[in-house]
Amino acid sequence: SGFRGSKRSPPQKPSVSPGDPPGTPPLAPVLQLLQNQLQEKDTLIRHLENDWERSRAQREREERLLVTAWYNMGLALQQQEGGTAPRGLPSGAQSFLAQQRLATMARRARTPHGRAPPS
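Cut-offs applied
Residues numbered from 1 in each chain as written. Predicted model: local features only at pLDDT ≥ 70, side-chain atom pairs only at ≥ 80, totals over all residues. Heavy atoms only, no water. Helix = DSSP H or I, 4+ residues; strand = E, 2+ residues; numbered from the N terminus. Buried < 20%, exposed > 50% of the residue type's maximum accessible area, 1.4 Å probe, protein only. Areas by Shrake-Rupley, 256 points an atom, 1.4 Å probe, with all protein chains shown as cover. UniProt positions renumbered as here; feature names shortened; annotations may be inferred. Patch = residues over 30% accessible without salt bridge, like charges linked within 9 Å, V, L, I, M, F, W, Y side chains within 5 Å. Salt bridge = Lys/Arg side-chain N within 4 Å of Asp/Glu carboxyl O. Axes fitted to C-alpha atoms, helices over the stretch in contact; angles between N-to-C directions. Parallel < 35°, antiparallel > 145°, perpendicular 65-115°, else oblique. Left-handed = near helix turned anticlockwise from the far one by under 90°. Contact = heavy atoms within 4.5 Å. Nonpolar A, V, L, I, M, F, W, Y, C, P; charged D, E, K, R; others polar. Polar contact = N/O pair within 3.5 Å; in protein donor to acceptor, adjacent residues only side chain to side chain.

Chemist: Let's hear about the overall build of the chain: which residues, and what values?
Modeler: Within the chain one finds two helices and zero strands. Across the 119 residues of the chain, 3% fall into the buried class. Here the chain has roughly 11000 Å² of accessible surface; of this, 58% comes from carbon and sulfur atoms.

Chemist: Give me the UniProt feature "coiled-coil region" (unreviewed entry) in the chain: which residues, what numbers.
Modeler: As recorded in UniProt, the feature "coiled-coil region" (unreviewed entry) lies at residues 31–65. For residues 31–65, the helix share is 100%, the strand share is 0%, and the end-to-end C-alpha distance is 51 Å.

Chemist: Report on a nonpolar patch on the surface, specifying residues and quantitative values.
Modeler: Together, L66, W70, Y71, M73 and F96 give the surface a local cluster of nonpolar side chains, amounting to about 520 Å² of exposed area. Ranked by residue count, the leading element in the nonpolar patch is helix α1 (residues 27–82), at four residues. Mapping W70 onto the fold places it in helix α1.

Chemist: How would you explain the pattern of salt bridges if you had to name every residue and give the values?
Modeler: The tally for this structure, following the rule as stated, stands at five salt bridges. Two residues, D51 and R54, come together in a salt bridge whose shortest N-O distance is 2.2 Å. Linking D51 with R54, this pair stays in helix α1, spanning three residues, or about one helical turn. Measuring nitrogen to oxygen at the nearest pair gives 2.2 Å for the salt bridge that ties R56 to E53.

Chemist: Tell me about the packing of α1 against helix α2 (residues 96–109), residues and numbers included.
Modeler: Packing of α1 against α2 leaves a shortest axis separation of 9 Å and a crossing angle of 165°. One finds that α1 runs roughly antiparallel with respect to α2. The chirality of how α1 crosses α2 is right-handed. Along the contact surface, α1 presents E60, E63, R64, V67, W70 and Y71, while α2 presents F96, L97, Q100, T104, R107 and R108. Its residues placed into classes, the contact of α1 with α2 shows five nonpolar, two polar and five charged.

Chemist: Provide a residue-level description of the environment of R54, including the pertinent values.
Modeler: The class of R54 is exposed, set by a relative accessible area of 52%. Within polar-contact distance, the side chain of R54 engages the side chain of D51 at 2.2 Å.

Chemist: An account of the environment of T68 is needed here, citing residue identities and associated values.
Modeler: Along the polypeptide, T68 turns up in helix α1. Its relative accessible area of 39% is what places T68 among the partly exposed residues. Measuring from C-alpha to C-alpha, the distance between T68 and L97 comes to 7.9 Å, with 29 residues separating the pair along the chain.

And the structure:
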């Protein structure tokens, strides 16, 4: 009894909050489970946002390719029909490419799903 370290502390009980009825599981595992679920959902949201961004970039690339293809096809058709394209356009008229650029810029100016437009 006089030896160093001979005193023993009483065994520790699992941490149960005083308001919990007897027989209920401690809160720590429940909190850990909820934190794990939250992390999984955050990870899923990040993956979905990345997928959305890749899809948007792919769609914009496809739009640019379509506009270019239509422009090239129209230019080839004009050259087949009567030589090169006319130099002067009547007042107010725009080339096909200029019309497509305006439409694409107007579409990009709209904010999708409440998000701020990219800067």
